[in-house]
Amino acid sequence: MDKLKFIKTVVFIITFLLIFGTLLLLTKLYQKSGKSLLPAEISLQQPAGSTIKTFSENGGRLYIQIEFGGKPDRIIILNAQNGKILSTITAE
């Protein structure tokens, strides 16, 4: 009887750890997937007439090439997690 009780306890503990570990893994995956989403609205603070020529994403940063608008061509580097402008590179 003691062996059967021991085996039931071991099976219960292993089952609990499997369920807890799976839920923890799913929670971490869900949190990571949500972090790369940009806010609903972002202002690039560019003058009227500016046009986005190209954009690309690399390493959690969004690189946006902008032309026209009365300014020289420029590249804005944007943090993809919070939508804040990190830097502006101007080609003069």
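Look up a bit, the structure's there.
A brief structural summary. From a predicted model like this one, the values you see are computed outputs, not experimental measurements. (Residues numbered from 1 in each chain as written. Predicted model: local features only at pLDDT ≥ 70, side-chain atom pairs only at ≥ 80, totals over all residues. Heavy atoms only, no water.)

**A look at the side chain of glutamate 67**
- Its place among the elements puts glutamate 67 in strand β2 (residues 61-67).
- Of the buried charged residues, glutamate 67 lacks a salt bridge, with lysine 53 as the closest side chain of opposite charge at 4.1 Å.
- Apart from the residues within four sequence positions on either side, glutamate 67 is in contact with Gly49, Ser50, Thr51, Lys53, Asp73 and Arg74. (Helix = DSSP H or I, 4+ residues; strand = E, 2+ residues; numbered from the N terminus. Buried < 20%, exposed > 50% of the residue type's maximum accessible area, 1.4 Å probe, protein only. Lys, Arg positive; Asp, Glu negative; His and termini not counted. Salt bridge = Lys/Arg side-chain N within 4 Å of Asp/Glu carboxyl O. Contact = heavy atoms within 4.5 Å.)

**Thoughts on the nonpolar core**
- In terms of nonpolar packing, the biggest core is built from 6 residues, these being Leu44, Leu62, Ile64, Ile66, Ile76 and Leu78.
- Where this core is concerned, the elements lending two or more residues are β2 and β3 (74-79).
- The leading source of residues in this core is β2, at 3 residues. (Core = buried A, V, L, I, M, F, W, Y, C linked by side-chain atoms within 4.5 Å.)

**Observations regarding the packing of aromatic side chains**
- The final tally for this structure, using the stated rule, is 1 aromatic pair.
- Each ring, one from phenylalanine 16 and one from phenylalanine 20, has its centre 6.1 Å from the other, and the planes form 15°; the classification is stacked. In this pair, phenylalanine 16 and phenylalanine 20 both sit in helix α1 (residues 2-35), 4 residues apart, roughly one turn of the helix.
- On the basis of relative accessibility, which here comes to 48%, the residue phenylalanine 20 falls in the partly exposed class. (Phe/Tyr/Trp six-rings, centres within 6.5 Å; stacked < 30°, edge-to-face > 60°.)

**Remarks on a nonpolar patch on the surface**
- Side chains of Phe6, Ile7, Val10, Val11, Ile14 and Leu18 sit close together on the surface and give an oily, nonpolar patch of about 580 Å² of accessible area.
- By relative accessible area, isoleucine 14 is classed as partly exposed at 46%. (Patch = residues over 30% accessible without salt bridge, like charges linked within 9 Å, V, L, I, M, F, W, Y side chains within 5 Å. Areas by Shrake-Rupley, 256 points an atom, 1.4 Å probe, with all protein chains shown as cover.)

**Re the sheet that holds β3**
- One open sheet holds the 4 strands; their spatial order is β1-β2-β3-β4, and the pairing between them is antiparallel. One side of each edge strand has no neighbouring strand; the edge strands of this open sheet are β1 (51-58) and β4 (85-90). Put simply, the sheet's adjacent strands are angled 20° from each other on average, direction ignored.
- Pairing between β2 and β3: 6 bridges, direction antiparallel. Paired with glutamine 65 across the two strands is isoleucine 75, which belongs to β3. (Pairing = 2+ DSSP bridges. Axes fitted to C-alpha atoms, helices over the stretch in contact; angles between N-to-C directions.)

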